[in-house]
Structure formats: C-alpha cells, structure tokens
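Okay, here's what each chain looks like letter by letter:
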Amino acid sequence: MPESTHSQPGTRTTTDLHARVYDGVLDMMPSEENPTPLVRLNALTPPGSTLYAKLEWMNPFGSVKDRAAWAMIRDLESRGELGDAKPGRGIVEPTSGNTGFSLAAIASVRGYPARAVMPSKVPTEKRALIRMAGADVDISSDAMCPLPGSEDGTIGLARTYARAQSNKYVMPNQYENQINARAHEETTGPEIWRQTQGKVSHVFVSLGTCGTVTGISRYLKSKNANVKIIAVQPSPGHDVPGLRNVSELDVSKLYDPSLIDEILQIDFNLAYTNALSLLRREGLRAGPSSGLIFEGARIISARDGVPMGVMIFCDDIFKYVSTMIKHLPELGGSDAEGGS
Amino acid sequence: MTYAHPESLVSAEWLKSNLTNPSIRIIEVDVDPKQYAAGHIPGAIGLDWAKDLQDPVRRDIPNGDQLATLLSNRGVGNEHTIVLYGDSANWFAAYAFWVLKLYGHRDVRLLNGGRAHWLNDSSLPLTPDVVNHPPTTYRPTQPDETLRARVSEVLVSASGAARVASGGAKILQLVDVRSPDEFSGKIIAPPGMNETAQRAGHIPGAVNVPWAQATNADGTFKSVDELRTLYGGKGLTPGAPTVAYCRIGERSSHTWFVLKYLLGFDNVRNYDGSWTEYGNLIGAPIEKNV
Ligand SMILES: Cc1ncc(COP(=O)(O)O)c(C=O)c1O
C-alpha cells in the first residue's frame, strides 16, 4: 500500500477508487463512481427472472443507513447547525440501530458527541455497537399498551433532548428529513441505473423511514416511468428491526405511496428463515429485512416474471445473532437443543 | 356542550402564561422517567410512578405519610394548584391525579394533550434544569375510599353478572380499559410486561373501552359529545355506580378521569387491583371469548 494513503490535511488526494485506496473512511461513502456491489442470485431466483442484490452492508459502517447519515450530517454542517459554528454541539437521533451506528461512527470521525435513542426490541448487538462507536444510548420503553399513538417513545425522547438541550444536541430526524430521501435520489438510484445500464425493471425495498424507497423511486421513475417499485412490509406484531408495518408508518413523513407500485405484506418469520437460505444457498450474509425483501422478489418473479430486479439488502446478519437465535433456537447450539 | 368539570383541564397556552405563577406546582409523571430527565416544562417537578407513587414494599398506593413526605420535600403544599402532565397521553399523570384526589388535594388539573402536545409546539419552552421548590408541610386527608374500588365489591358484582342469565342483577358498571386482546382473553398482558396474571379474560359483566379511545391522535381529550357517544354506546350511564379497571390500575385512572371529570359520572371508582389482582384469585368468575 502506498505510503501516501495516510495523507496529511492539505496534501494531494490519493483516493483511487479503482485500486480501492482511500484517503479516509468517509471517502468510502457510496456514489455513482463508488457504488455498493450488485450481485446476481444464482440458486434461489425463480426460473425466467433475474435478481440482483445490492449489498448495502459493504458501506463503511455496514448498512444502507450510511447514505442518509452522511448526507444529513453534511447538510447540518453546511447550514452551520453542526461544526465550528456550534462548538460542543452533537447529534441525537431516534433509531432502530443502523442509523445510530452510522451517525455515531461519522460523528466520532468528525469529533461530535452523539446520543442514540432506541426502542427496547432492538437486539443487544446493535446497542453495544453504538456504544462501541462512542455514542450514548438511551433505551426507551416500548409501548406498554398496544394502542396507536401510545407507542414509540423514542421519537419523543430524542426530540426532547433536541428541544430542551439545543446547545448540546441537534436532531437530524431521519423520519422527517428530506435529505434522507435525497441521499438515495443522488446515490442509490443513479448507482442502480448505471450498474444495470438502464435495464432495471423492478426494485424491491423495505419500509422504515422510507428514505430508501422514496429516493430510489424518484430517481428511477424519472429515468423510466415503467420501473416497478415493490415494497415489502412485515406482518403485524413483527419484530424485524428497522422496518415498519404500514399501520406504523404515520411517523415516517417521507412515506409517499404514490411512488410505490405495490406493497406486499409478508409473514415476518420469513425474514429470518430466508436470511438463512440466502447465506446457505447464495453465500450472501443478508440480515432479516433482506430476507423479507427477497420473499417479495420471489413472489413477483413467480407471478409476473422479473427481467431485471434489484433488491436492496440493507445490512448483514452479523448484528442479528441474538435475534436469529430467538427465532431459530436450533442456531443456539447445544443449550437450545437440550430443551427443558 | 362542554365537559362536566372543565376546570380540571388546562391548555398549553394557559400553562405557558402561568409558568411563574407561585400558586401553581407543575408535576410530570411519565411511563418512562427518562423523558423528564431529558427535558421538561420549566419549573416542573418529576415524579417516578414506580418509586414515588407506590408503596415501596407492599402492593398499594403510597400511604398518607409517604405521600406527605414526598410532596413536602418537593415543595408542594395543600394550597397549590397542581398541574399534572406526562407521556402516553397523560396515562400516568392521570394515575397521579387519582392518588392526589384520593388524599384530598383540592385543586388538581391535567394538561390537555400531555407532554407530546407541549413537545410538538416549538414555541413552548423546555429545559433540563431541575428546580428545587422550598419545602412545605403537606397534610393529606384520610384516603377517600369512595374513589377506589376493592376486590370484594368487584367480586360481588361479578358473581351477580355471572348469574345474569338466570336473572341475576348487574350491580356495577364495569369498564375494562385494556386492549381488545387482553379483554377477550387471547393474551394475559401486552408482550414484554412483567406484571401479569395466572388467567386471561375479563370480569363478568365488564364492557371493553380501551383507554386511548378517549383521546385524539395528538393526545388531547375527545370532545364531550364524542366521549358521550363512545361510553354511552357501550351502555354506560352517568348515574349508575361505575368501576374502571385495567391490568395494574394505571390505564384505568385515565378512564376514571374521563368519566368523572369530563362526563360527570357521579359515582365512578378506580379498581387499582385490576387484572393482576383479579386474574390471580382462586375461584373468581371469569368471562373469556376465545
Ligand atoms: C435493517 C434495515 N432495513 C431496512 C431499513 C429501511 O430503510 P428506510 O429507513 O430508508 O426506509 C432500515 C432503516 O431503518 C434498516 O435498518
């Protein structure tokens, strides 16, 4: 590796995408020139269709959320809400984990404090990861009473920090910030268009903040109005981290149903079993939300045929070990096999 | 039409203009006490429902001495107007309201919409700073047992209702404010709850009106006409003796407040033993619809 990789501020940039040599971790952030990989599925695709997985876990901090986190932080910096104009100020964000980790890691690199407010159903790995990245974590009690409007204390708690302690915190607010969707309009969408040479026919996505679906759909439909955007949602009562059932989407201000051609509701247990198939049959270490997306792609392939489908595989399975064991106890080894 | 006791609710605008009024004490009570710590209405005292508003040893509300110590130390006097608010549409704030009324506090009010309503209006101030009000000597009254239902009365009513087919009278109007799945007996408690019961179902004769149906999406209370339609539609009438219950007695305080102060039911009580008491009793009649 060339010595100049570790360049000092002010020295000539040595980032060389072709050689995959970067001046710093933030130069790894994806773009049309530096896209995340698109990998074809060979064993699991129904006959007559072509499905590619876009491996978002290849992003520097391991998930699709790097795109939104990076774009939101740069936007706050450019508006003087973060950085030299606001010394000592950091970030607070409600997050199911991935955004929190991306924000925490970027904040650390940039020298800002960070705090993540997470619902208690988030797997322990994700909480620990965010703490490892240097952020404070608050676990907010989930709904004690399953009624609409009474749940999701995470957003309220994060907003409280941002309002009551605005000298210490600014809240990027991935659920309402248009920059979240724009990040995908400016990176994920153009990457897919270029990587498929404009042949993409279907994109399969999941719904969380809806930044991914909204941004990708805006870009691709502007290129070709016939591209089908298919979203999957887990069945009610699910515990798939990062995802929302449509009944839970009222907080996602980026949700725009006119940009989605079809929403498929899928038994949430398939998120876990499909994640295993993807690893065992395709060697793709995809996480549960990817498992759900794959099911959507399989259904549409079997029903309509998919000439060139792209599935957004948001993150990998490494941080879901405890969730996977909960759903598939046989993964836990001898303890679980013993039973009681 | 207005509420039966409109003075028991205050609006955010009213509270904003009374933040420095020395005759007022503002108290926040949350499901999640981290909310208060992160930021609250300037001057507000934070109470923890589990630590401050329950007996630390036995399952009970605080006794008079415990409440007196708590309120005296936090600078709340008998003469103060107490304004309560909290998360989850004032769920635990309503429980604190009930406890304070039980101990005879004269002037207690709820902030309509609770903390979410305040939080979502960026013109309203929030602070992490904790104010220490000068201590007082708080003197609670003897607990007003007419606000509290005991298991013995509920059982009498339940046995009567169980005999309703053979002409037995329904003695109490029982309102079960839990979710439909808890009411039907499909589940014993919402997922992840520690406090639970041995059996699922509901008290015979109860009607199910989940507590949050009394609120709008922003946490404010529905209009009196909507509330009348909601509870009247379930056959509940303001004159008859009424008891609200839930799982641990907190959600039902919210409905108790609605029935008593917004709809003017003159004899309504909170059964704080609720399902975690009733559903554990040997031999208690249970209705189950699954
Ligand atoms: C694992 C995972 N899958 C899917 C999503 C959904 O992406 P978006 O928030 O852009 O809708 C998220 C985001 O929270 C996620 O963390």
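Note that the structure is predicted; figures quoted are calculated from it, not measured.

A. Spatial organisation of unusual backbone geometry. Residue and element names in this part refer to chain B. For alanine 89, which is not glycine, the phi dihedral falls at a positive 55 degrees. In this fold, alanine 89 is placed in helix α5 (residues 87–102). Of note, the phi angle at serine 274 is positive, near 50 degrees, even though the residue is not glycine. Structurally, serine 274 is set in helix α11 (residues 274–278). Overall, the relative accessible area of 0% leaves serine 274 in the buried class.

B. Inspection of the domain arrangement of chain A at higher detail. All names here are of chain A. As assigned here, chain A comprises domain 1 (25–58 + 187–327) and domain 2 (65–170). Computed from C-alpha coordinates alone, the two centres of domain 1 and domain 2 are separated by 24 Å. Carbon and sulfur atoms make up 54% of the area that domain 1 and domain 2 hide from each other, which totals about 1600 Å². If you look at where domain 1 meets domain 2, you find two salt bridges. We note a salt bridge from glutamate 191 to arginine 67, for which the minimum N-O separation is 2.7 Å. Those elements that provide at least two residues to the side of domain 1 that touches domain 2 are α5 (178–195) and α9 (321–327). A class-by-class count of the residues in the side of domain 1 that touches domain 2 yields eight nonpolar, eight polar and six charged.

C. The interface of chain A and chain B, seen in detail. The partner chain B presents 26 residues to the 19 residues of chain A that form the contact. Taking both partners together, chain A and chain B bury about 1900 Å²; carbon and sulfur atoms supply 64% of that area. Seen at the junction of chain A and chain B, the total is zero salt bridges. On the surface where chain A and chain B come into contact, there are nine residue pairs in polar contact (both at pLDDT 80 or more). Put simply, the parts of the chain that give the side of chain A that touches chain B at least two residues each are β5 (136–140) and α4 (153–164) of chain A. Among the residues making up the side of chain A that touches chain B, the classes are represented as nine nonpolar, seven polar and three charged.

D. Quick peek at the side chain of Thr45(A). Residues and elements named next belong to chain A. Structurally, the position occupied by threonine 45 is in the loop between β1 (38–40) and β2 (51–55). A polar contact is formed between the side chain of threonine 45 and the backbone oxygen of leucine 41, at a distance of 3.0 Å. Residues contacting threonine 45, with those up to four places away along its chain left out, are Thr50 and Leu51.

E. Molecular detail of the sheet that holds strand β4 (residues 114–119) of chain A. Residue and element names in this part refer to chain A. Taking strand neighbours across the sheet as the criterion, the four strands line up as β5-β4-β3-β6 in an open arrangement whose pairing is parallel. Each having just a single partner strand, β5 and β6 (169–170) make up the two edges of the open sheet. Alignment of strand β3 (residues 90–94) against β6, held across two bridges, turns out to be parallel. By the bridge assignment, isoleucine 91 is partnered in β6 with valine 170.

F. How the structure looks around the packing of aromatic side chains. Evaluation of the coordinates by the stated rule reveals 13 aromatic pairs over all chains. Lying across the ring of Tyr261(B), Lys260(B) places its NZ or CZ 6.0 Å from the centre.

G. View of the packing of helix α2 (residues 98–110) of chain A against helix α3 (residues 124–132) of chain A. All names here are of chain A. At a minimum axis separation of 9 Å, α2 and α3 run at an interaxial angle of 10 degrees. One finds that α2 runs roughly parallel with respect to α3. In this structure, α2 crosses over α3, and the sense of that crossing is left-handed. Together, Asn98, Gly100, Phe101 and Ala104 of α2 and Lys126, Leu129 and Ile130 of α3 make up the contact between the two elements. For the contact of α2 with α3, the per-class residue count stands at four nonpolar, two polar and one charged.

H. View of the environment of Tyr261(B). With respect to the helices, strands and loops of the structure, Tyr261(B) is situated in helix α10 (residues 251–262). Given a relative accessible area of 11%, Tyr261(B) falls into the buried group.

I. Molecular detail of empty space enclosed by the protein. All names here are of chain A. Counted by the stated rule, this structure contains one cavity of 30 Å³ or more. Of the voids in this model, the largest cavity is the one considered here, and its volume is about 40 Å³. Lining the largest cavity we find Ile91, Glu93, Thr95, Gly100, Leu103, Ala104, Ala114, Arg115, Ala116 and Ala135. Counting residues per element, the ones that place at least two in the lining of the largest cavity are β3, α2 and β4.

J. Region of interest: the layout of surface pockets. In this structure, the second largest pocket spans a volume of roughly 350 Å³. What lines the second largest pocket is a set of 18 residues, among which Arg59(B), Asp60(B), Ile248(B), Asp272(B) and Gly273(B) lie closest to the centre.

K. Structural context of the site of the ligand. All names here are of chain A. As a structural note, the neighbourhood of the ligand is formed by 16 residues, with Lys65, Gly208, Thr209, Cys210 and Thr212 the closest of them. Glycine 208 places a main-chain nitrogen or oxygen 2.8 Å from an oxygen atom of the ligand. A distance of 2.8 Å separates a nitrogen atom of the ligand from a polar side-chain atom of serine 289. Starting from 390 Å² of accessible surface for the ligand in isolation, the protein chains cover 98%. When its residues are assigned to classes, the shell around the ligand shows six nonpolar, eight polar and two charged.

L. Representation of the pattern of salt bridges within the structure. All names here are of chain A. Within this structure, the stated rule accounts for 33 salt bridges over all chains. Ionic pairing is found between glutamate 32 and arginine 194, a salt bridge with its closest N-O pair at 3.5 Å. With glutamate 32 in the segment before β1 and arginine 194 in helix α5, this pair connects stretches of sequence that are 162 residues apart. Of the charged contacts in the structure, one is a salt bridge between aspartate 261 and lysine 221, with a shortest N-O distance of 2.8 Å. Here lysine 221 lies in helix α6 (residues 211–223) and aspartate 261 lies in the loop between β8 (228–234) and β9 (262–266), a separation of 40 residues in the sequence. What makes aspartate 261 partly exposed here is its relative accessible area of 37%. Connected via shared salt-bridge partners are Lys54, Glu56, Arg67 and Glu191.

M. Molecular detail of the sheet that holds strand β9 (residues 268–270) of chain B. Residues and elements named next belong to chain B. Taken in spatial order, the four strands line up as β7-β6-β8-β9 in an open sheet, and their pairing is parallel. The open sheet terminates on both sides in strands that have one partner only, identified here as β7 (207–208) and β9. For strand β8 (residues 242–245) and β9, the ladder comprises three bridges, and the chain directions are parallel. The partner of threonine 242 across the bridge, within β9, is valine 268. Strands in contact with α10 are β6 (173–176), β8 and β9; relative to β9, the strand with the most contacts, it is inclined by about 165 degrees.

N. Structural view of α6(A). All names here are of chain A. With 13 residues, α6 extends 19 Å between its outermost C-alpha atoms, agreeing within 8% with the 18 Å of an ideal straight helix rising 1.5 Å per residue. Regarding α6, the residues found buried are Gly211, Thr212, Val213, Thr214, Gly215, Ile216, Ser217, Tyr219 and Leu220. Against α5, β7 (202–206), β8 and β10 (309–313) lie the buried residues of α6.

What counts and how
By convention here, each chain's residues receive numbers from 1 onward along its written sequence. All chains are assigned letters beginning at A, and all ligands numbers beginning at 1, according to the order in which they are written. Owing to the predicted nature of the model, reporting of local features is limited to residues with pLDDT of at least 70; listing and counting of side-chain atom pairs is limited to 80 or more, with chain, interface and lining totals taken over all residues. Values shown for side chains rest on all heavy atoms present in the structure; no hydrogens or waters enter the calculation. A run of H or I in DSSP becomes a helix once it reaches four residues, and a run of E becomes a strand once it reaches two; helices and strands are each numbered from the N terminus. Residue burial is assigned from relative accessible area. The probe radius is 1.4 Å, only protein chains are included, and a residue is buried under 20% of its type maximum, exposed over 50%, and partly exposed in between. Here the limits of each domain have been adopted from an automatic or database domain assignment. Reported buried area values correspond to the accessible surface (1.4 Å probe) lost by two parts on association, with both partners' losses combined. Definition used for salt bridges: Asp or Glu carboxyl oxygen within 4 Å of a side-chain nitrogen of Lys or Arg. Here the nonpolar group is Ala, Val, Leu, Ile, Met, Phe, Trp, Tyr, Cys and Pro; Asp, Glu, Lys and Arg are the charged ones; every other residue, Gly included, is treated as polar. Contact criterion: two residues are considered in contact whenever any of their non-hydrogen atoms come within 4.5 Å of each other. We define a polar contact as two N or O atoms separated by no more than 3.5 Å, with the added condition that, inside protein, one atom must be a possible hydrogen donor and the other a possible acceptor, whereas residues neighbouring each other in sequence contribute only through side-chain atom pairs. We call two strands paired when DSSP finds no fewer than two bridges between them. Whether two aromatic rings pair depends on their centres lying within 6.5 Å, for rings of Phe, Tyr and Trp, where Trp uses its six-membered ring; planes under 30 degrees apart make the pair stacked, over 60 edge-to-face, and the rest tilted. A positively charged side chain is recorded as over a ring if its NZ (Lys) or CZ (Arg) lies within 6 Å of the ring centre. The angle to the ring normal must also be within 35 degrees. Working convention: axes come from line fits to C-alpha atoms, limited for helices to the stretch in contact. Angles between N-to-C directions cover 0 to 180 degrees. An angle counts as roughly parallel when it lies under 35 degrees, as roughly antiparallel when it exceeds 145, as roughly perpendicular when it falls between 65 and 115, and as oblique in every other case. Handedness of a helix crossing follows the sense of rotation of the near helix relative to the far helix, less than a right angle counterclockwise being left-handed and clockwise being right-handed. The definitions used throughout rest on a 1 Å grid laid over the protein atoms alone, on which a cavity is an enclosed set of points accommodating a 1.4 Å probe that cannot get out and a pocket is an open set flanked by protein within 12 Å on both sides along at least five of seven lines; lining residues are those having an atom within 4 Å of a point. Grid points are joined across faces, edges and corners, and a volume is the space filled by probe spheres set on the points. Throughout, near means a residue has at least one heavy atom within 4 Å of the molecule or strand. Accessible areas in this description were obtained via Shrake-Rupley with a 1.4 Å probe; residue shielding takes into account the shown protein chains only. Multiplying one less than the number of residues by 1.5 Å gives the expected span of a helix.

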